[in-house]
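What the coordinates show
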Amino acid sequence: MQSATLSIGGMTCAACAGRIEKTVRKLEGVNGATVNLATEKLSVEYTDTQTLAGIKEAVVNIGYEVLDKPKGTAATIPIGGMTCASCSARVEKAIRKLEGVESVSVNLATEKAAVIYNPRTIRISAIKNAIEKSGYKALDFSTDGAVDEDKLRKEREIRVLWTKFIVSASFGLPLLYIAMVPMITWVSLPFPQALAPMNFPLIYALVELVLVIPIISAGRRFYTVGFKNLLRRSPNMDSLIAIGTTAAVAYSLYNMWQISQGNFKAVDALYFETAGVIITLILLGKSLEAVSKGRTSEAIKKLMGLAPKTAIIIEHGVEKEIPIDEVIPGDVIVVKPGAKIPVDGVVVEGHTAIDESMLTGESMPVDKKTGDNVYAATINSNGVIRFKAEKIGSDTALAQIIKLVEDAQGSKAPIAQMADIVAGYFVPIVCVIAVLAGVAWFAAASSGLVALPAGKSALEFSLTIFISVLVIACPCALGLATPTAIMVGTGKGAENGILIKGGEALETAHKIQTIVFDKTGTITEGKPRVTDIVAANGVEWDYLLRVIASAEKGSEHPLGQAIVQGAEERGLELFAASHFEALTGRGIEAEIDGVKTLIGNRKLMDERVIALGELEADSDRLAGEGKTPMYAALDEKIAGIVAVADVVKPSSKAAVESLHKMGIEVVMITGDNKKTAAAIAKQVGIDLALSEVLPQDKSNEVKKLQGEGEAARGEKRQRRFVAMVGDGVNDAPALAQADIGVAIGSGTDVAMESADIVLMRSDLMDVPTAINLSKRTIRNIKQNLFWAFGYNVLGIPIAAGALYLFGGPLLNPIFAAAAMSLSSVSVLTNALRLKRFKAG
């Protein structure tokens, strides 16, 4: 199975997206295809029986563009010493011969070479060497990084749309003024007498025609695309605009002919301004829509902007600054205080603190020393380090995060299915309604069943209805309602360290009724720590800890290591141990500081008949709190207890309380015994603790909670939506079984396939934040869909003359165009409100 994401050009509404999906899905070997109108991208999965070239061809054949993105890096190299055209040709030839150079253009006037090259194949230094060997001087260069064709194309599209709108408005406003002022009698507005319609009707009509031609030219794409799709029997929004405005212009041209034949009354039936203003308003709407679409993807732009553009490597013992794309695995990179880490790698020299907040959200800098991992885009706070590059380009943690967010933004939520189905039939149905409404009103007006507005003929009246219905219908709002909200929602999640892998996960999260937390490493830190030191009478606590830690120094047991770490944290100097003996399953025996020492569990104390005495109560208390007591006896007498436990994360209790406020049941699952599990559950406020569960059985417990088997508490219950929160490794089956799998990562392990949501920090407060974000996003989508459907459900009947039928006003096509333009902009604006979402 292969997958690809293609940038598509030429889409204008949901009908276009639906047509591309339908066409691609029909192809042999294609398993799935989804088109995101907001990002203008096609995501497709296909087998070996199909090729990407075949898919591209199918898209092109139905009238759309597939915009291939160059993979090269652009560099501009100033060149000294060129004097004529043969010089520039010689340099160009020398560079073009190099392997890895995709294209080169040398400009003699600017004395610069514009090169696009593959940094994996050739370094910029080799290109400079080729220039030098040709007899010219390669000066300091600049790289533009990977060519972002999508960004450039969208910026170009916005510029073109604004230019078209300005041109259209420049002619549209005087056209509207000339058309409207002669009809306004209650106020005197300046108007040239040479254009008076009653005196010079033909000149008046010709001026309107001259003014509308540039507007039609500015909106020519509506006609070329609209009529082409109409002929292919797959009309879209452009088709509606093209038919409506063509009808207005054609009827106006007919009336111009009537004027030229001496029928001066036909001057009242000119509709050039209707076509002109409709196109102008729709171009305005499209321009605003393009700008708003760009704002929905700001999260991706922010992430991409985090990466530095250059790196300082050590080459032959000398520091050398090179473009980031030229770094290869194995390069030793120098990073100075305040600089960004350019790629992922391992520290080989130096010590520093690194701000990883841009990846993990953790505000405190993390100490780094030799052997520690560092990640691209993080900031070196202090100290100079050298590290060896390990992951570059698309393999870095930052690149994986960007890919996850891009994939999520390109996905569809199930809630969008209804809108997609409606959008597929929407335009043809609107065309039918427009024709039926126009014909019905023409018949009714001609037969005298309805009174016509003053000065209008039956044909003019029915034409107004026909145009209004076509123009007011807005499939764009339907197509943008869901993807724009998902783009902003997933982007906002990424900003808060929450990576949501798709629209389906984002939608399902708001339905969650039960959340299952794995204990170790999720609710707790996952690392045992010394929590209590209880010394017997006459024994100092620090001496007791020194003795036990000294005995455990060589132990590989996690509890023993925790005790050694506890002593080191307290600055205690350890004794040398002698006569060390491990007692399997019970503890250890050694001689410490000349004293016979026994350290182990209760079983070892009972075996050696060592009474706990006054420490009995403390032993029971510590065990009841879910801690593991380690007993120490010196010279066959109890000396004290050191308790070790996997401590609860500071955020666990607050997260559980937040989930309870949201009405969500919280369950903990663990392999620990019932007493330990119950103690942790009580401490945090868990509703149900499932203890002594083996890793392979966790998925079955999740299944039971979902109601697909007998419930965990024994009673039967309805199907529930269950989320599982774990470390993404040991809990993979349970994460996959749950309706939503939430993996707690370190902020770098972002490729956890089994999880639907990845929390880049280890803060459990991100769990309620993720659910709140889902609720807000779904509410936003529902608002968008309500507006999109409601607008069309109300707007089309009004345009069809429903209000006029009951004595109300007739909708002017110009107002219909204004409403249509604002409808998609309002959906986008509403989606952008999600950018105000705040965690916590």
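Relevant structure appears above.
Below or above, wherever it landed, is the structure these notes cover. (Residues numbered from 1 in each chain as written. Predicted model: local features only at pLDDT ≥ 70, side-chain atom pairs only at ≥ 80, totals over all residues. Heavy atoms only, no water.)

When helices and strands are tallied, the protein chain shows 28 helices and 31 strands. On C-alpha atoms alone, the protein chain measures out to a radius of gyration of 36 Å, which is more than a quarter above the 28 Å that the 2.2 N^0.38 rule sets for 840 residues. In the protein chain, buried positions account for 52% of the 840 residues. Long-range pairs, those at least 24 residues apart, make up 68% of the contacts in the protein chain with a sequence separation of at least 6. Here the protein chain carries 87 positive and 90 negative side-chain charges, and the mean point of each set is 8 Å from the other. (Helix = DSSP H or I, 4+ residues; strand = E, 2+ residues; numbered from the N terminus. Rg over C-alpha atoms; globule rule 2.2 N^0.38 Å. Buried < 20%, exposed > 50% of the residue type's maximum accessible area, 1.4 Å probe, protein only. Contact = heavy atoms within 4.5 Å. Lys, Arg positive; Asp, Glu negative; His and termini not counted. Charge placed at Lys NZ, Arg CZ, Asp CG, Glu CD.)

Time to look at helix H3 (residues 85–96). Taking 1.5 Å per residue as the helical rise, H3 with its 12 residues ought to reach 16 Å, and the 16 Å between its terminal C-alpha atoms agrees with that figure. Taken as a whole, H3 has its buried residues at Cys87, Ser88, Val91, Ala94 and Ile95. Down the axis of H3, the buried side of the element spans an arc of 125°, and every buried residue falls inside it. Along H3, the residues that are exposed and aim more than 90 degrees away from the buried face are Ala85 and Lys93. (Expected span 1.5 Å × (residues − 1). Arc of directions from axis to C-beta.)

A few words now on unusual backbone geometry. Leaving glycine out, the prevailing phi sign among residues is negative, and the prevailing peptide bond configuration is trans. Even without glycine at this site, alanine 377 takes up a positive phi of about 80°. Here alanine 377 lies in the loop between strand E16 (373–374) and strand E17 (379–382). In this structure alanine 377 comes out as buried when scored by relative accessible area, which is 0%.

Counting 144 residues, the largest nonpolar core has Ile20, Leu42 and Ile515 as its most contacted members. Counting residues in hydrophobic clusters, the runner-up holds 24 residues, among them Ala549, Ala562, Ala567 and Ile588. (Core = buried A, V, L, I, M, F, W, Y, C linked by side-chain atoms within 4.5 Å.)

This brings us to the sheet that holds strand E14 (residues 352–355). An order of E15-E14-E17 is seen for the 3 strands of this open sheet, with the pairing classed as antiparallel. Either end of the sheet is taken by a strand with one partner, and the two such strands are strand E15 (366–368) and E17. Across the sheet, the mean angle separating the axes of adjacent strands is 40° when strand polarity is ignored. Bridge count for E14 against E17 is 3 bridges, and the pairing is antiparallel. Paired with aspartate 355 across the two strands is isoleucine 379, which belongs to E17. (Pairing = 2+ DSSP bridges. Axes fitted to C-alpha atoms, helices over the stretch in contact; angles between N-to-C directions.)

A word on the environment of threonine 676. Structurally, threonine 676 is set in helix H23 (residues 674–684). Taking the C-alpha atoms as reference points, threonine 676 and leucine 459, 217 residues apart in sequence, are found 85 Å from one another.

Together, Tyr177, Trp186, Val187 and Leu189 line one region of the surface with nonpolar side chains, adding up to about 430 Å² of accessible area. Judged by its relative accessible area of 34%, tyrosine 177 is partly exposed. (Patch = residues over 30% accessible without salt bridge, like charges linked within 9 Å, V, L, I, M, F, W, Y side chains within 5 Å. Areas by Shrake-Rupley, 256 points an atom, 1.4 Å probe, with all protein chains shown as cover. Salt bridge = Lys/Arg side-chain N within 4 Å of Asp/Glu carboxyl O.)

It is worth spelling out the pairing of strand E26 (residues 637–648) at this point. Judged by how many residues are buried, E26 sits mostly within the fold: 10 of 12 residues are covered. Examined bridge by bridge, strand E25 (residues 628–634) and E26 share 7 bridges and lie antiparallel to one another. Within the sheet, the bridge partner assigned to alanine 632 lies in E26 and is glycine 640. Hairpin remark: E25 followed by E26, antiparallel, with 2 residues in the connecting loop; positive phi at aspartate 635, about 50°.

Turning our attention to the sheet that holds strand E30 (residues 740–744). Strand order in this open sheet of 7 strands is E19-E31-E30-E29-E20-E27-E28, and the pairing throughout is mixed. With partners counted over all chains shown, the strands left at the sheet margins are strand E19 (498–500) and strand E28 (688–690), one partner each. Between one strand and the next, the sheet's axes are offset by a mean angle of 20°, whatever the strand orientation. Two elements, E19 and strand E31 (residues 757–759), share 3 bridges in a ladder whose sense is antiparallel. Bridge pairing links isoleucine 498 to leucine 759 in E31. Those strands touched by helix H26 (residues 766–799) are E19, strand E20 (514–518), strand E29 (722–726) and E31, and its axis lies near 45° from that of E19.

So, on to helix H6 (residues 201–218). Given a rise of 1.5 Å per residue, 18 residues ought to cover 26 Å, and the 26 Å separating the end C-alpha atoms of H6 matches this to within 8%. The set of residues buried in H6 consists of Pro201, Tyr204, Ala205, Glu208, Leu211, Val212, Ile215 and Ala218.

Moving on to the state of the cysteines. The tally for this structure, following the rule as stated, stands at 0 disulfides. Cysteine 87 supplies the cysteine sulfur nearest to cysteine 84, a cysteine that is in no disulfide, at a spacing of 3.7 Å. (Disulfide = S-S within 2.5 Å.)

Successive side chains on a regular strand alternate, one facing one side of the sheet and the next facing the other. As paired elements, strand E1 (residues 2–9) and strand E3 (residues 41–46) share 6 bridges and run antiparallel to each other. Bridging across to E3, alanine 4 finds its partner in valine 44. Bridging between E1 and strand E4 (residues 65–67) involves 3 bridges; their strand directions are antiparallel. Note that in E4 the partner of serine 7 across the bridge is leucine 67.

On to the packing of aromatic side chains, then. Scanning all chains against the criterion turns up 10 aromatic pairs. Aromatic side chains tryptophan 162 and phenylalanine 165 sit 5.9 Å apart centroid to centroid with 70° between the ring planes, which places their arrangement in the edge-to-face category. With tryptophan 162 and phenylalanine 165 both in helix H5 (residues 149–180) and 3 residues apart, this pair spans about one turn of that helix. Given a relative accessible area of 29%, tryptophan 162 falls into the partly exposed group. (Phe/Tyr/Trp six-rings, centres within 6.5 Å; stacked < 30°, edge-to-face > 60°.)

Turning to the packing of helix H15 (residues 475–495) against helix H28 (residues 813–832), a few remarks are in order. Viewed as axis vectors pointing N to C, H15 and H28 meet at an angle of 15°, and their least axial separation amounts to 9 Å. In terms of their interaxial angle, H15 and H28 are classed as roughly parallel. Relative to H28, H15 is oriented so that their crossing is right-handed. Seen from H15, the contacting residues are Cys476, Ala477, Leu480, Ala481, Thr484, Ala485 and Val488; seen from H28, they are Ser823, Ser824, Val827, Leu828, Ala831 and Leu832. Of the residues assigned to the contact of H15 with H28, the class counts are 10 nonpolar, 3 polar and no charged. (Parallel < 35°, antiparallel > 145°, perpendicular 65-115°, else oblique. Left-handed = near helix turned anticlockwise from the far one by under 90°. Nonpolar A, V, L, I, M, F, W, Y, C, P; charged D, E, K, R; others polar.)

Our focus in this paragraph is the packing of helix H13 (residues 417–446) against H26. Two measures define how a pair of helices packs: the angle their axes make with one another and the distance between the axes. Interaxial distance between H13 and H26 falls to 13 Å at its minimum, and their mutual angle equals 15°. Taken together, the axis directions place H13 and H26 in an arrangement best described as roughly parallel. For the crossing formed where H13 meets H26, the hand is left-handed. Judged by residue contacts, Met418, Ala419, Val422, Phe426, Val430 and Ile433 of H13 engage Leu785, Phe789, Asn792 and Ile796 from H26. For the contact of H13 with H26, the per-class residue count stands at 9 nonpolar, 1 polar and no charged.

Attention now moves to the pattern of salt bridges. Counted under the stated rule, the structure contains 22 salt bridges. Between arginine 96 and glutamate 92 there is a salt bridge; the shortest N-O distance is 3.3 Å. Of this pair, arginine 96 and glutamate 92 both sit in helix H3, separated by 4 residues, roughly a single helical turn. The exposure class of arginine 96 is partly exposed, given its relative accessible area of 46%. For glutamate 625, the salt bridge identified is with arginine 621, shortest N-O distance 3.5 Å. Through salt bridges with shared partners, a single network forms among Asp532, Asp618, Arg621, Glu625 and Lys627.

Turning next to the environment of glycine 330. Its place among the elements puts glycine 330 in the loop between strand E11 (318–323) and strand E12 (332–335). Remark: the alpha-carbon pair of glycine 330 and lysine 265, spanning 65 residues in sequence, is separated by 85 Å.

Spatial relationships are all this shows, so hold off on functional conclusions.
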